[in-house]
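# Observations on the three-dimensional arrangement
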Amino acid sequence: MSFDVTPTTDAAVDYAGLDASARALLDGESDRVANAANLSALVYHALPHVNWVGFYFFDGDELVVGPFQGKPACVRIPLVRGVCGAAARTRTTQRIADVHAVADHIACDADSRSEIVVPLVRDGELIGVFDLDSPVPNRFGDDDQAGLEAIAATFVASLR
Ligand code: SME
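Residues numbered from 1 in each chain as written. Predicted model: local features only at pLDDT ≥ 70, side-chain atom pairs only at ≥ 80, totals over all residues. Heavy atoms only, no water.

## Points about the site of the ligand
We apply this condition: Whether a residue is near a molecule or strand depends on its heavy atoms: it is near if one of them lies within 4 Å of it. Each polar contact in these results corresponds to two N or O atoms within 3.5 Å; when the atoms are within protein, one needs to be able to donate a hydrogen and the other to accept it, and residues that are neighboring in sequence are counted only if both atoms are side-chain atoms. With residues, only the protein chains shown are counted as cover, and all accessible areas are computed by Shrake-Rupley using a 1.4 Å probe.
The environment of the ligand is made up of 13 residues, and the closest members are Val 83, Cys 84, Ile 106, Glu 115 and Asp 133. Measuring from an oxygen atom of the ligand, one finds a backbone N or O atom of Val 83 at 3.0 Å. Between a nitrogen atom of the ligand and a main-chain N or O atom of Ile 106, the distance comes to 2.8 Å. Coverage of the ligand by the protein chains reaches 100% of its 310 Å² of free accessible surface.

## Here's the deal with the nonpolar core
Note the cut-off: For the purposes of this section, nonpolar cores are sets of buried Ala, Val, Leu, Ile, Met, Phe, Trp, Tyr and Cys residues that join through side-chain atoms within 4.5 Å. Whether a residue is buried, partly exposed or exposed follows from its accessible area with a 1.4 Å probe, protein chains only, as a fraction of its type maximum: under 20%, in between, or over 50%, in that order. Helix and strand labels come from DSSP, where a helix needs a run of H or I of at least four residues and a strand needs a run of E of at least two; each type is numbered from the N terminus. In this description, contact between two residues means that some pair of their heavy atoms is separated by no more than 4.5 Å.
Core analysis: the largest hydrophobic core is formed by 26 residues, its most contacted members being Leu 47, Phe 130, Leu 132, Leu 148 and Phe 155. Counting residues per element, the ones that place at least two in this core are α1 (15-26), α2 (32-46), β1 (52-58), β5 (114-122), β6 (125-134) and α4 (142-158). Broken down by element, this core gets its largest block of residues, five residues, from α4. Residues in contact with Phe 155, not counting those within four places in the same chain, are Leu 26, Arg 32, Asn 35, Ala 36, Leu 39, Phe 55, Phe 57 and Leu 120. Counting residues in hydrophobic clusters, the runner-up holds 16 residues, among them Cys 84, Ile 96, Ile 106 and Val 129.

## A look at the pairing of β1
Quick note on the threshold: In this scheme, strands are said to pair when DSSP sees at least two bridges between them.
Buried residues dominate β1, accounting for six of its seven residues. In this sheet, strand β2 (residues 62-70) lies alongside β1 in antiparallel orientation, the contact comprising six bridges. Bridging from a neighbouring strand, Trp 52 pairs with Gly 70 of β2. In this structure, the hairpin formed by β1 and β2 is closed by a connection of three residues, where Gly 60 is found at a positive phi of approximately 100 degrees. Here β1 runs beside β6; their pairing, made up of six bridges, is antiparallel. Across the sheet, Val 53 pairs through a bridge with Leu 132, a residue of β6.

Below, the structure is given as structure tokens:
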């Protein structure tokens with residue numbers, strides 16, 4: 001399957017500016033819920049063509065949904081399941097061009113067609129994942145991955 005529909009270019013998002021906004025938003029605050037909530041809102045409104053942006057936190061056993069923007073989502077995801085589970089388990093960013101092609105994808109919002117999930121790890125400890133869904137196939141490119149990994153790092157660094 002090919003994806004020739006790319007309505008947004010990587011250049012459309014100023015990730016350096018967005019990370020600067022994220023740093024300003026989180027400055028002096030270390031509360032995990034507050035920072036995840038504000039980052040979800042910041043990124044959701046800054047990126048074109050996303051239908052879900054948010055956090056899952058690891059409770060020591062599985063991933064539990066945290067602050068997000070978008071439609072209500074699956075509450076608990078075992079590490080052995082889904083794209084989020086894979087990101088948490090392998091501690092590597094998962095970029096899925098076509099979620100319909102991934103048998104293990106957990107469909108929370110039927111509109112979702114592509115997804116990127118960045119693991120959140122601090123001092124070797126799994127905190128959770130930062131998850132974005134798009135209704136557009138192949139929405140997330142290399143620049144998106146680098147930019148979103150930087151924002152995820154800003155979040156992790158805010159948790160003192
Ligand atoms: N699609 C994810 C589940 C979370 S929702 O996208 C918000 C997955 O397969 O893990």
